[in-house]
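# Structural overview
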Amino acid sequence: LMMIAERRPLGVAILGTGFGYTTHVPGYRACEGVEVLALVGRQADKTRRLAEEQGIPHATTSMEEALRLPGVDLVSIATPNGQHAAQSIAALEAGKHVVVEKPMAMTASEAEAMVSAVDRAGTINVVNTELRFNPTRQRMKALVEQGFLGQVSHVSVASYHDYRQRSWGWKESAEGGVIRGHASHMVDLVRWIFGELGEVAGGLVDTLIPEKSNSHGVMSGVTADDFASFMVRMANGGVVTFLFSSMAVRPRFNFEFEPAYMRLEAFGEKSSLLLDLDDRLYGTLPGQAQWTEFTEPEPLLSEGVARKRVWDLSFVRLARTVTTAIRDCGDVGPAATFR
């Protein structure tokens, strides 16, 4: 593959015409020596139209057809969550490198099958927990590792989103609800910054609004959870409290930059850290009258390579890391592998 990459651009096939089109396509196009060769969607007309708009040479409703295309080295999967495992395994069995959206699978057994497929294929594999690539969150991790907090006693995470009009996310079989969706991002972030989690001490996962009206005014039953709150004991003895809602009415976004709309607070023996809803990072020490800001700048905002959202900008960084690792037979940095 390295010899192939030296002769031609690294070829990417992208599965999904939603987030795959709006985020994955520009993400890979912001990478040097990379070409988006194929777009795979469920609706032929829509997929063809979107591919034409972006100059993507191949549009298809068949993943198998995309895998057979000459020059496809990497498959990037942004389909409904229920399809992630089967599509990842199929791509790995075809000898491709794989990036898959979180959650990587719907069940632990599916995830284990994906890891077994990786062991057989030996190709690069990454779950898109792209917040690990955000500069401010990397600064937060560095502060924790440098001992800014001392022994961590309590971490509090809250993530609020308004998915009331996204009817494709209401079905357990398709998306799996807020606990698989946004909770997977935040649990990963806590593990990455603060260390491994231990046992779940208790909590509630529920569907608070069992019937919703979609964008066409049609009422539909909801089978996926829209609320989750739980408490976890950290391996080091501290406690993490999580709160998630996909029914939270939000203010209009800042047109200059859309944050992740999450709040993360950490309390230790020496100090505290706060990542607020505007993606600003602050720290304080005992006796300090004011917060000290540790927010890191985002240079990609001025490059114009992606939408001005923390998710899209972080995905550009992940895509650059993964494609460089494929080219150079290197590692994937802070990215989460399937294992």
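Relative to the assigned elements, Asp73 resides in strand β4 (residues 72-77). Counting along the chain gives 261 residues from Asp73 to Pro334, while the straight-line C-alpha distance between them is 21 Å.

Further remarks concern the sheet that holds strand β14 (residues 272-275). If you walk across this open sheet you meet the eight strands as β8-β11-β12-β7-β13-β14-β15-β16, and the pairing is mixed. The open sheet has two free edges, formed respectively by β8 (197-206) and β16 (292-293), since each of these has just one partner strand. The pairing of strand β15 (residues 281-284) with β16 spans two bridges and is classified as antiparallel. Note that in β16 the partner of Tyr282 across the bridge is Glu293. Most of the contacts of helix α7 (residues 135-145) go to β14, to which it runs at about 170 degrees, and overall it touches β13 (262-268), β14 and β15.

The subject of this paragraph is the pattern of salt bridges. Across all of its chains, the model carries 17 salt bridges by this definition. Glu145 is the salt-bridge partner of Lys141, the closest N and O atoms lying 2.9 Å from each other. Taken together, the residues Lys141 and Glu145, both in helix α7 and four residues apart, mark about one turn of the helix. What makes Lys141 buried here is its relative accessible area of 17%. A salt bridge links Asp312 to Arg309; its shortest N-O distance comes to 2.4 Å. For Asp312, a relative accessible area of 1% puts it in the buried group.

Spatially, six strands are ordered β3-β2-β1-β4-β5-β6 in an open sheet, and the strand pairing comes out parallel. Two strands in the sheet have a free side with no partner beyond their single neighbour: β3 (58-60) and β6 (125-128). Taken pair by pair, the neighbouring strands of this sheet meet at an average axis angle of 20 degrees, ignoring direction. Note: strand β2 (residues 34-40) against β3, three bridges, orientation parallel. The residue of β3 that forms the bridge with Val40 is Thr60. Of the strands in this sheet, β1 (10-15), β4 and β5 (97-101) touch helix α5 (residues 84-93), which is tilted by about 170 degrees from β5. Along the sheet face, helix α10 (residues 310-328) touches β1, β2, β4, β5 and β6 and points at about 180 degrees away from the line of β6.

In this section: unusual backbone geometry. Going from Lys102 to Pro103, the amide bond is cis rather than trans, its omega being -10 degrees. When you line up the elements, Pro103 lands in the loop between β5 and α6 (108-121). Phi is positive for Tyr261, close to 55 degrees, though the residue is something other than glycine. Mapped onto the secondary structure, Tyr261 falls in the loop between β12 (239-245) and β13.

Rules used throughout
- Residues numbered from 1 in each chain as written.
- Predicted model: local features only at pLDDT ≥ 70, side-chain atom pairs only at ≥ 80, totals over all residues.
- Heavy atoms only, no water.
- Helix = DSSP H or I, 4+ residues; strand = E, 2+ residues; numbered from the N terminus.
- Pairing = 2+ DSSP bridges.
- Contact = heavy atoms within 4.5 Å.
- Axes fitted to C-alpha atoms, helices over the stretch in contact; angles between N-to-C directions.
- Salt bridge = Lys/Arg side-chain N within 4 Å of Asp/Glu carboxyl O.
- Buried < 20%, exposed > 50% of the residue type's maximum accessible area, 1.4 Å probe, protein only.

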